[in-house]
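Results of the structural survey
Below are the chains, spelled out letter by letter.
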Amino acid sequence: MSGGPRVALVTGGAVRVGRAIVTHLAARGWAVAFTYWGSAAQAQELANELDAAGHACLPLSADLDSPKDCRAIVDTTLERFGRLDALVNNAGVFPRTPLADLDEAAFLAVLQTNLIAPVMLAKLAAPALGAVGGGIVNIVDILAARPIRHHLAYIVSKAGLAAATRTLAVELAPAVRVNAIAPGIALFPDGYDDETRRRLIAQTLLGRAGTPEEVARTVEYLLDGAPTMTGQVLTLDAGRSVPL
């Protein structure tokens, strides 16, 4: 087993919440491999920033819908760093899928990215994670338990990932801990207008949105600060899911 810093693999790490997770873990001394797809410029920019700060990183272009690519990113991370201590399944898609327009192909495409790929990555990474007592953190969504209209495929995929979190915790115990984070508003989709943002914030008890950095700090907590926690989903939604 290689010495040196602990190593995390973060999917979808070039932009948005994933970028915050990568940046936070790197600042805490982790070596971080991160995947991107369609965000090559942002991935290179992030890699340059981390390199300049003296942080070890490895950007990996990968189509997570491809079993070959999923295996390659785990293998390449291990070849580069010699170990793997954490897998953060952050990458996902958030399509609008009204039931009247939903077909099987579109449904399966969302499940592939948001559910099947994270489970298969967990399986592929499990031997290396188990060798060091590592952990997995899955990013789910409060909508998995509080559905809204017109996003059936997304919500089912995230509910499946929450269930997979608990099941993987059973399957991989005691060597690997598996937990999840369910954000409410960590970062609004780019297409949301000001009125939509105000309306959603008004539905929270605290009257404010969360941040990608809050999610990143919670990832660190699950990896480092709660050594007996496994099979749990932590909710970060400013109280939005509390009232009926």
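Attention here is on the structure that accompanies the text. Because the structure is predicted, anything quoted here is derived from the model rather than measured.

Moving on, we come to the pattern of salt bridges. Under the criterion given, the structure shown has 7 salt bridges. In this structure, Glu-45 and Arg-19 form a salt bridge, with 3.0 Å as the shortest nitrogen-oxygen distance. Of this pair, Glu-45 sits in helix 2 (residues 40-52) while Arg-19 sits in helix 1 (residues 16-27), placing them 26 residues apart in sequence. The exposure class assigned to Glu-45 is partly exposed, which follows from its relative accessible area of 42%.

One pass over the structure, following the stated rule, counts 2 aromatic pairs. Between Phe-94 and Tyr-154, the aromatic rings sit 4.6 Å apart at their centres with planes inclined by 80°, giving edge-to-face as the arrangement. Within this pair, whereas Phe-94 is found in the loop between strand 4 (86-89) and helix 4 (104-132), its partner Tyr-154 is found in helix 5 (residues 152-172), the two being separated by 60 residues in sequence. Relative accessible area serves as the criterion here: at 32%, Phe-94 is assigned to the partly exposed category. Geometrically, the ring pair formed by Phe-188 and Tyr-192 is tilted, given 6.2 Å between the ring centres and 45° between the ring planes. Phe-188 gets classed as buried once you look at its relative accessible area, which sits at 12%. For Tyr-192, a relative accessible area of 25% translates into the label partly exposed.

Attention shifts here to the packing of helix 1 against helix 2. At their nearest, the axes of helix 1 and helix 2 sit 11 Å apart, and the two run at 15° to each other. Taken as axis vectors, helix 1 and helix 2 run roughly parallel relative to one another. Note that helix 1 runs across helix 2; the crossing there is right-handed. Every residue of helix 2 that contacts helix 1 at Arg-19, Val-22, Thr-23 and Ala-26 is listed here: Gln-42, Glu-45, Leu-46, Glu-49 and Leu-50.

The subject of this paragraph is a nonpolar patch on the surface. Judged by side-chain polarity, Leu-99, Leu-152 and Val-156 come together as a nonpolar surface patch covering roughly 260 Å² of accessible area. With respect to the helices, strands and loops of the structure, Leu-99 is situated in the loop between strand 4 and helix 4. Since its relative accessible area comes to 62%, Leu-99 is described here as exposed.

Criteria and thresholds
- Here the residue numbers are simple positions, counted from 1 along each chain's written sequence.
- Given that this is a predicted model, residues contribute local features only at a pLDDT of at least 70 and side-chain atom pairs are listed and counted only at 80 or more, while totals for whole chains, interfaces and linings are drawn from all residues.
- Excluding hydrogens and water, the side-chain values take into account all heavy atoms of the structure.
- By salt bridge we mean one thing: a side-chain nitrogen of Lys or Arg within 4 Å of a carboxyl oxygen of Asp or Glu.
- The helix and strand labels rest on DSSP assignments: H or I over at least four residues marks a helix, E over at least two residues marks a strand, and numbering proceeds from the N terminus.
- Think of it in three bands: with a 1.4 Å probe and only protein chains considered, a residue is buried below 20% of the maximum accessible area for its type, exposed above 50%, and partly exposed in between.
- Ring pairs shown here join Phe, Tyr and Trp side chains whose ring centres sit within 6.5 Å, with only the six-membered ring taken for Trp; geometry is labelled stacked below 30 degrees between planes, edge-to-face above 60, and tilted in between.
- Throughout, an axis means a line fitted to C-alpha atoms (over the contacting stretch in the case of helices), and angles, computed between N-to-C directions, take values from 0 to 180 degrees.
- An angle counts as roughly parallel when it lies under 35 degrees, as roughly antiparallel when it exceeds 145, as roughly perpendicular when it falls between 65 and 115, and as oblique in every other case.
- Crossing chirality is assigned from the near helix's rotation relative to the far helix, an anticlockwise turn below a right angle marking it left-handed and a clockwise turn marking it right-handed.
- The contact definition used throughout considers only heavy atoms, calling two residues in contact when any of these lie within 4.5 Å.
- Think of a patch as exposed residues, more than 30% relative accessible area, with no salt bridge, where like charges cluster within 9 Å and nonpolar side chains (Val, Leu, Ile, Met, Phe, Trp, Tyr) cluster within 5 Å.
- Residue-level accessible areas treat just the shown protein chains as cover; the underlying method is Shrake-Rupley with a 1.4 Å probe.

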